[in-house]
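Structure at a glance
Chain by chain, the residues:
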Amino acid sequence: MSITIQGMEGRDQISQENLLLDAVNRVGRARFGWIAVHIHLSQLRSEHKRDSHIRIALRMFDALVGTYRSQIFLLSNSDVMVLVKDVRLADLDAIVFKLRALFSEDPLTFDDPADGVDRFCTYYDLSRDFGPFFDLCAYLSTQAETRSASGAATGPLPLTPKTLSEVVTAVSTTNIAPFVRRQAVVGVLGGAARICFEEFFVSIGDLRSSVAPQYDLTADRWLFQHLSQTLDTRMLAHLEQSMRFGMPKEISMNLNVMTVLTPAFQEFMDRTKGMLDITVEVQLADVFADFNSYFAARDKLRDAGHKMLLDGISYLGLEFSEPQLFEADMVKIIWSPALADLQKEDRVRQIKDTVLTVGSEKVILARCESDKALRWGLSLGVGMFQGHFVDSHLHAGVGR
Amino acid sequence: MALTPETTLPSHESLLVDYLRRLEGHRKGRRALHVHVSDLKPDNRRQQHINVAVNTFDPLVRQGLGQVFLLANSDIIFIFQTDIAEDVDAIIVKLRFMFSDDPLLMDELDGLPSRFFSWHDLTVEYDKILQMAQKMQAEEQRRRAREQPLTTAMGGGGAAGKRQLGDPLTPEVLGKVVDALTRADMSNLLRRQSICAIVGKARPQPMFVELFVSIADLRETLIPNINLASSPWLFQHLTETLDRRVLSALNKHDDRTLSGDVSVNLNVSTILSPEFLKFDDSIKAGARGTIVLELQKTDIFADLGAYLFARDFAHERGFRICIDGLTHAMLPFVNRERLGADLVKLVWDDSLAELIKSKDAPEAKALGDLIRRRGPSRTILCRCDTDEAIQLGQSLGLTMFQGRQVENILAAETRSRTSMARGKRR
């Protein structure tokens, strides 16, 4: 009995999906002893789905390829497909286990007791399940063609030192007013909700579209940090100008630690004295780059009656650093669904302890996009909230 | 004119002199090819022609088979070993073709000796070439002095100093430095320093060797007038390029370097890069367990997710992770154990000395306790430039040390062993 071979006629592109289909066709003629494993890396959270990570994941199969008759395919959606003959299951399991460990921060690798289905990978015994597996591969191939037909537009280019120079010049001469946004930080302790201060920030997306649409400004972390120094200067200039048109008294802005120590910032503080209560938000990563400067900047702000806020504390930041040690005036935790997914008791307790030690009234949960976020924050005793979900409630009448 | 006056970058003339000096003991089998681009008609030696000409040497340079220098007058000097003579011939054919319509190359057709290319055998002509290079270097310096008086006033002279003056590191300069690094022969800039176990007054036992690029030498050869501290973010970007170049230099070099017992400084992003996968491939199976990857805390905390992934991958492949360069003040903030790193480096400095000496102060006790809790056998005290550093370090329970004083002791040991051996032979 022969299987209809769907050849590659009419397919101009040689995609991994097509190669897979080709291989499956060949295996189909003598399928006994073949196992296929479909690893659903496409379902990982975007931050875990980076090229570098996928490349390394593929490496884990080196041992397999060297020992057994096997083929590995990296599909265009980032899924990995493994075909292997007469493999010792223990060897295969060992590799899948390592892969799971590599991506262990992603919920995809957690066991789901509810329905018992492993979302990370699916095994197929081709001597039994050839039909469904073949159909799957045909489907993946069609999907891949649709994806490529819709045209991958050339994405924005990452910044290089040379192009950074152009962008810095462009930004330093742009009026950033159209790109400045505000978002309130709302306190919930003591009964009624009230606005504690308003954060002023630059919408990088909008800035990029207008000033440097061909570049991906944030792709290279260090180059972006360098650009942010120019943004700091523009923001300070903007805030001073805006004073004339009326501004809230309590405000916050995102700055590099180093900016706080510049003469320009001192002048800003002098010129706005008595008119603004300033909170400077600095990123945790920035603080780790230069401790001494952080403490100097914090003290300088306090001496002038202002505040230092430690920003950018992700759920990983909470696990690997101790924000309370920095003794900032406020601390901002960035919400992500991963926080609510935290299953380990001791990690949840650790975060609760951190909030307590810093002081509820000093902790802000930012990027609250949902009711889930708000509830999580309240359950941990967080005192202040910021995010779209909070904004919508504010407009509904919860205000000063 | 290839290099514009605005470039505070680095004369290739200086690089050439430096390279030649390092070749002093290795002249045998080395040759230099001088391409007289400056003698071409002006129309034929515009920037794009020069770029293309220099790039033809790239494949050989990238494989570490030779070093190319683009002089201020646009001439190109390529230094290589005789065994790749055929590859160089192939390049010459390409260059001849590229510039074939210039009168300078007509001579070759007539069977006359080439005026476009000249070859030198360094075994015989080393001194002559070195002198020529030095002369060109001096001329270049004078030319720059004329065009940019300020730069030369600040620059020049003693490179050994920790002079932090200089022009700011701007994105343009960074771009040029990155380009220069891509052409540079990193093996000239690699240094070694031993990490040793020193218990009591016993002899230091070398445990592994750190391979690093001396930033001071880098400044001297590639970027003499630039203040690297002026832009920490651009400097971080620079270290990424540096790391990858070091890795690729290691990938090419002799087995001795890669047989283990070494540490290298890397960025997290480099561990996640294809270059690292090549490096991983090139290491003998048994050697991985003794290779340490040193990471900066700035890098780790810039993207904890990437760090964790890189750490797990590195551990999976058998490498060890060391967190580099923590001062005693930072130690409470960076928890080696929690971060899952194998080692941590504590920097010896004056404030640490004072802290330890004030034995009864609560801070001193706290530091001692912290080190004991975090694992004294996982902490390396580095920048030990005096005996005091080692002794006070030992008082904290530390047993691993690195630094100039450690090198001094090791050197003294070697000398005394050698002289004892000589003595015995009498």
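What this report covers is the structure whose coordinates are included nearby.

Here the focus is the overall build of chain A. Summing up its helical and strand segments, chain A has 17 helices and 14 strands in all. By its C-alpha atoms, chain A is 90 × 50 × 45 Å across when sized along the principal axes. Residues counted as buried form 50% of the 400 residues belonging to chain A. About 19200 Å² of surface is accessible on chain A, with carbon and sulfur atoms providing 53% of the total. Counting 42 positive and 51 negative side-chain charges, chain A places the centres of these two groups 1 Å from one another.

Let us look at the overall build of chain B. Helices and strands together make up the secondary structure of chain B, namely 19 helices and 14 strands. Per-residue burial for chain B yields a buried fraction of 52% across its 426 residues. Considering only residue pairs separated by 6 or more positions, chain B has 69% of its internal contacts joining residues 24 or more positions apart. Here chain B displays about 19700 Å² of accessible surface, and carbon together with sulfur accounts for 52% of that area.

Residues and elements named next belong to chain A. Spatial strand order, 6-7-9-10-11-12-13-14: 8 strands in a closed barrel with mixed pairing. Summarising the sheet, strand 13 (residues 363-366) and strand 14 (residues 384-385) pair through 2 bridges and their orientation is parallel. Note on strand 14: the bridge partner recorded for isoleucine 364 is methionine 384.

The subject of this paragraph is the pattern of salt bridges. Under the counting rule described, the total for this entry stands at 35 salt bridges over all chains. As a salt-bridge pair, arginine 59 of chain A and aspartate 280 of chain B come within 3.8 Å of each other at their nearest N and O atoms. With arginine 59 of chain A in helix 2 (residues 51-59) and aspartate 280 of chain B in helix 13 (residues 274-282), the pair connects residues from two separate chains. Accessibility classification places arginine 59 of chain A together with aspartate 280 of chain B in one group, the buried group.

Residues and elements named next belong to chain B. Taken as a whole and judged by the stated rule, the model has 4 cavities of 30 Å³ or more. Taken together, Leu15, Asp18, Tyr19, Gln67, Phe69, Ala184, Asp185, Asn188, Leu189, Thr221 and Leu222 form the lining of the largest cavity. Taken together, the elements giving at least two residues each to the lining of the largest cavity come down to helix 1 (12-22) and strand 2 (66-70). Split by residue class, the lining of the largest cavity holds 6 nonpolar, 3 polar and 2 charged. Of the pockets and cavities examined, the second largest cavity occupies roughly 60 Å³. Forming the boundary of the second largest cavity are Leu331, Val334, Arg336, Val344, Ile371, Arg374 and Thr379. Looking at the lining of the second largest cavity residue by residue, the classes come out as 4 nonpolar, 1 polar and 2 charged.

Looking now at the side chain of glutamate 199 of chain A. Residues and elements named next belong to chain A. Tracing the chain through its elements places glutamate 199 in strand 7 (residues 194-202). A distance of 2.7 Å separates polar atoms of two side chains, one belonging to glutamate 199 and the other to glutamine 386. With sequence-adjacent residues up to four places away left out, glutamate 199 is seen in contact with Arg181, Arg182, Gln183, Ser252, Asn254, Glu281, Lys332 and Gln386.

To continue, consider the environment of methionine 247 of chain A. Residue and element names in this part refer to chain A. Mapped onto the elements, methionine 247 comes out in the loop between helix 8 (221-242) and strand 9 (250-254). Taking C-alpha positions, methionine 247 is 9.7 Å from glutamate 198, a pair spaced 49 residues apart along the chain. With sequence-adjacent residues up to four places away left out, methionine 247 is seen in contact with Phe200, Leu239, Ser242 and Leu276.

All names here are of chain A. Backbone geometry at glutamate 327 places phi at a positive 45 degrees, although glycine is not the residue there. Here glutamate 327 lies in the loop between helix 13 (315-320) and strand 12 (330-334). Despite not being glycine, arginine 367 has its phi angle at roughly 60 degrees, a positive value. Tracing the backbone shows arginine 367 in the loop between strand 13 and helix 16 (371-379).

A few words now on the interface of chain A and chain B. Tallying the contact residues gives 41 residues for chain A and 40 residues for chain B. Summed over both sides, the interface between chain A and chain B buries roughly 3800 Å², with carbon and sulfur atoms accounting for 68% of that surface. Area buried by chain A at its contact with chain B is led by Arg59, Trp222 and Phe320 of chain A, which between them contribute 23% of it. Linking chain A with chain B are 5 salt bridges. Between arginine 50 of chain A and aspartate 303 of chain B there is a salt bridge; the shortest N-O distance is 3.1 Å.

Residue and element names in this part refer to chain B. Position of proline 206 among the secondary structure elements: in strand 7 (residues 205-213). Sequence spacing of proline 206 and leucine 331 is 125 residues, and the spatial spacing of their C-alpha atoms is 25 Å. With residues near it in sequence (within four places) discarded, proline 206 still touches Ile195, Cys196 and Leu410.

Next up on the list: the packing of aromatic side chains. On inspection of all chains with the given rule, the structure shows 25 aromatic pairs over all chains. Here a set of aromatic residues connected by ring pairs shows up, and it is made of Phe288, Phe291, Tyr294, Phe295 and Phe326 of chain A together with Phe301 and Phe333 of chain B. It is arginine 31 of chain A that lies over the ring of phenylalanine 130 of chain A; its NZ or CZ is 4.3 Å from the centre.

We now examine the packing of helix 10 (residues 232-252) of chain B against helix 13 of chain B. Residue and element names in this part refer to chain B. Their axes nearest at 9 Å, the elements helix 10 and helix 13 cross at an angle of 30 degrees. For the element pair helix 10 / helix 13, the angle class is roughly parallel. In the crossing of helix 10 with helix 13, the sense of the turn from one axis to the other is left-handed. Of the residues in helix 13, those touching helix 10 at Arg244, Leu247, Leu250 and Asn251 are Glu275, Phe276, Lys278, Phe279 and Ser282. Tallied by class, residues from the contact of helix 10 with helix 13 come to 4 nonpolar, 2 polar and 3 charged.

In this section: the pairing of strand 3 (residues 76-81) of chain B. Residue and element names in this part refer to chain B. With 5 of 6 residues buried, strand 3 lies mostly within the body of the structure. Where strand 1 (residues 30-35) meets strand 3, 6 bridges bridge the pair, whose relative direction is antiparallel. Its bridge partner lying in strand 3, arginine 31 is registered against phenylalanine 80.

Residues and elements named next belong to chain B. With 13 residues, helix 15 (residues 304-316) should reach 18 Å at 1.5 Å per residue; the first-to-last C-alpha distance of 18 Å fits that figure. Looking only at helix 15, the buried set comprises Leu304, Ala306, Tyr307, Leu308, Phe309, Ala310, Arg311, Phe313 and Ala314. Looking at where helix 15 begins, the residue whose side-chain oxygen comes 3.3 Å from the main-chain nitrogen of glycine 305 is aspartate 303. Remark: glycine 318 follows helix 15 within two positions and exhibits a positive phi of approximately 95 degrees.

Whenever strands of a sheet pair, they do so through backbone hydrogen bonds, lying parallel or antiparallel. All names here are of chain A. In spatial order, the strands read 2-3-1-4; together these 4 strands make up an open sheet with antiparallel pairing. In this open sheet, the two edge strands, each paired with only one partner strand, are strand 2 (70-74) and strand 4 (121-125). Each strand axis lies, on average, 10 degrees off the axis of its neighbour in the sheet, ignoring direction. In this structure, strand 1 (residues 34-39) lies alongside strand 3 (residues 80-85), joined through 6 bridges in antiparallel fashion. Counted as the bridge partner of alanine 36 is leucine 83 from strand 3.

A few words now on the nonpolar core. Most often, soluble globular proteins keep nonpolar side chains buried together rather than apart. Residue and element names in this part refer to chain B. Counting residues in hydrophobic clusters, the biggest one holds 196 residues, and the most contacted among them are Ile79 and Leu293. Examining the composition of this core, we find that 8 residues originate from one element, helix 15, more than from any other. Aside from chain neighbours lying at most four places away, what touches leucine 293 is Val264, Leu266, Ile271, Phe276, Ala314, Phe319, Arg320, Ile321 and Cys322. With 25 residues, the next largest nonpolar core counts Ala53, Ile76, Phe78 and Val88 among its residues.

Any covalent bond linking the sulfur atoms of two cysteines counts as a disulfide. Per the stated rule, a full pass over the model turns up 0 disulfides over all chains. Residue cysteine 196 of chain A stays outside any disulfide, its sulfur separated by 13 Å from that of cysteine 368 of chain A, the closest cysteine. With relative accessibility at 14%, the residue cysteine 196 of chain A sits in the buried group. Here cysteine 196 of chain B stays free of any disulfide, with the sulfur of cysteine 384 of chain B as its closest cysteine sulfur at 10 Å.

Calculation notes
Residues numbered from 1 in each chain as written. Chains lettered and ligands numbered in written order. Predicted model: local features only at pLDDT ≥ 70, side-chain atom pairs only at ≥ 80, totals over all residues. Heavy atoms only, no water. Helix = DSSP H or I, 4+ residues; strand = E, 2+ residues; numbered from the N terminus. Buried < 20%, exposed > 50% of the residue type's maximum accessible area, 1.4 Å probe, protein only. Areas by Shrake-Rupley, 256 points an atom, 1.4 Å probe, with all protein chains shown as cover. Lys, Arg positive; Asp, Glu negative; His and termini not counted. Charge placed at Lys NZ, Arg CZ, Asp CG, Glu CD. Contact = heavy atoms within 4.5 Å. Pairing = 2+ DSSP bridges. Salt bridge = Lys/Arg side-chain N within 4 Å of Asp/Glu carboxyl O. 1 Å grid on protein atoms, 1.4 Å probe; cavity = no way out; pocket = protein on both sides within 12 Å on 5 of 7 lines; lining within 4 Å. Points joined across faces, edges and corners; volume = space filled by probe spheres on them. Nonpolar A, V, L, I, M, F, W, Y, C, P; charged D, E, K, R; others polar. Polar contact = N/O pair within 3.5 Å; in protein donor to acceptor, adjacent residues only side chain to side chain. Buried area = accessible area lost by both parts, 1.4 Å probe. Phe/Tyr/Trp six-rings, centres within 6.5 Å; stacked < 30°, edge-to-face > 60°. Lys NZ or Arg CZ within 6 Å of the ring centre and 35° of its normal. Axes fitted to C-alpha atoms, helices over the stretch in contact; angles between N-to-C directions. Parallel < 35°, antiparallel > 145°, perpendicular 65-115°, else oblique. Left-handed = near helix turned anticlockwise from the far one by under 90°. Expected span 1.5 Å × (residues − 1). Core = buried A, V, L, I, M, F, W, Y, C linked by side-chain atoms within 4.5 Å. Disulfide = S-S within 2.5 Å.

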